[in-house]
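# What the coordinates show
Chain residues, written in single-letter form:
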Amino acid sequence: MQGTVRFLELLNGRVAYRELGYGPKCLLAFHGFGQDGSVLLPLMRAFPEAVYTCYFIDLPFHGQTKWEDPTFSHSDLMQIIRKLTAGRPWEGLGHSLGGRLWISLLPELKLRPERLYLLAPDGLGSSWGGLIDHTPARMRYRAARWLKRPLRFLQLASLLRDWGVIDRFALRYLQTQLATEATRRRLFGTWQSLLAFKLGKNRAQQILAGADCPVEVGLGKKDILLPARKLTAALEGMPQVHLKLLDCGHWDMVQQWQPAKGAHNSG
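The text that follows walks through the structure, step by step, so that each part is easy to find. (Residues numbered from 1 in each chain as written. Predicted model: local features only at pLDDT ≥ 70, side-chain atom pairs only at ≥ 80, totals over all residues. Heavy atoms only, no water.)

Our next topic: the pairing of strand β9 (residues 241–246). The pairing of strand β8 (residues 215–220) with β9 spans six bridges and is parallel. Residue pairing in the sheet places V215 in a bridge with V241 of β9. For the segment spanning β8, helix α9 (residues 228–235) and β9, crossover handedness is right-handed. (Pairing = 2+ DSSP bridges. Helix = DSSP H or I, 4+ residues; strand = E, 2+ residues; numbered from the N terminus. Right-handed = clockwise from strand over helix to strand, strands pointing away.)

Once that is clear, we can look at the layout of surface pockets. Quantified by volume, the second largest pocket comes out at close to 190 Å³. Around the second largest pocket sit F61, H62, G63, T65, K66, W67, A182, T183, R185 and R186, which together line it. For the lining of the second largest pocket, the leading source of residues is helix α7 (residues 181–193), giving four residues. Of the residues assigned to the lining of the second largest pocket, the class counts are three nonpolar, four polar and three charged. (1 Å grid on protein atoms, 1.4 Å probe; cavity = no way out; pocket = protein on both sides within 12 Å on 5 of 7 lines; lining within 4 Å. Points joined across faces, edges and corners; volume = space filled by probe spheres on them. Nonpolar A, V, L, I, M, F, W, Y, C, P; charged D, E, K, R; others polar.)

This brings us to the pattern of salt bridges. Enumeration over the complete set of coordinates arrives at nine salt bridges. With its nearest N and O atoms 2.6 Å apart, the salt bridge here joins R14 to E9. Note on E9: relative accessible area 53%, which makes it exposed. Taken together, the salt bridges that share partners define one network made up of K25, E91 and E114. (Salt bridge = Lys/Arg side-chain N within 4 Å of Asp/Glu carboxyl O. Buried < 20%, exposed > 50% of the residue type's maximum accessible area, 1.4 Å probe, protein only.)

By themselves, these figures tell us nothing about what the structure is for.
This is the structure we're talking about:
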């Protein structure tokens, strides 16, 4: 089941999304960095098509979305949410980067979600999130200029790997993300955009503690990017947050996760 790919025409770009199901309740889903909405299709087994109409969205700079601006903002994502929900009851789901976006948006949502599902969400104090939250804007723009010469930058990264400053995973990641003009634009555009989606452990805790809807969080025991132990410590003790540990890593989370029993019958 691949769904029908449709497009939303916005002022700043043309947003692609896959639509599946025909139910009265909406599910809006944001994927992780470097992916697109198609990676979330396995989740359809958890959302009955007679109950939900699911929208798996290609974020700006990703998939089939054509984004004209150099960045995207809260208002861009809020516009997508308003257009797709059209006043209907809805729930939100985000994996990794998508989880960070939902947490950041939550205080501003006028039409509240009935439930929020966060799968290995970024923004709760991970080392990767630290690069997003604490790198000054000036340094970001300087790095963007440096990375226009990716070969020279990757040579430096290889030296840093040899010296033990960065690990093998980080080097491979940079090699992948700097391989083409399209992947470089995706990396730069997303990184700059996330200046508007800063979180960090304290801010994320504050938002989730004040959430007026149930929040289900899935964490992978084998996740090396967002370790379950660290995220569990940040989320424990919140009555509206339900934690679920899965025997999986970061990227295979969507193949294993299921919502809590009774989630489809409660608000």
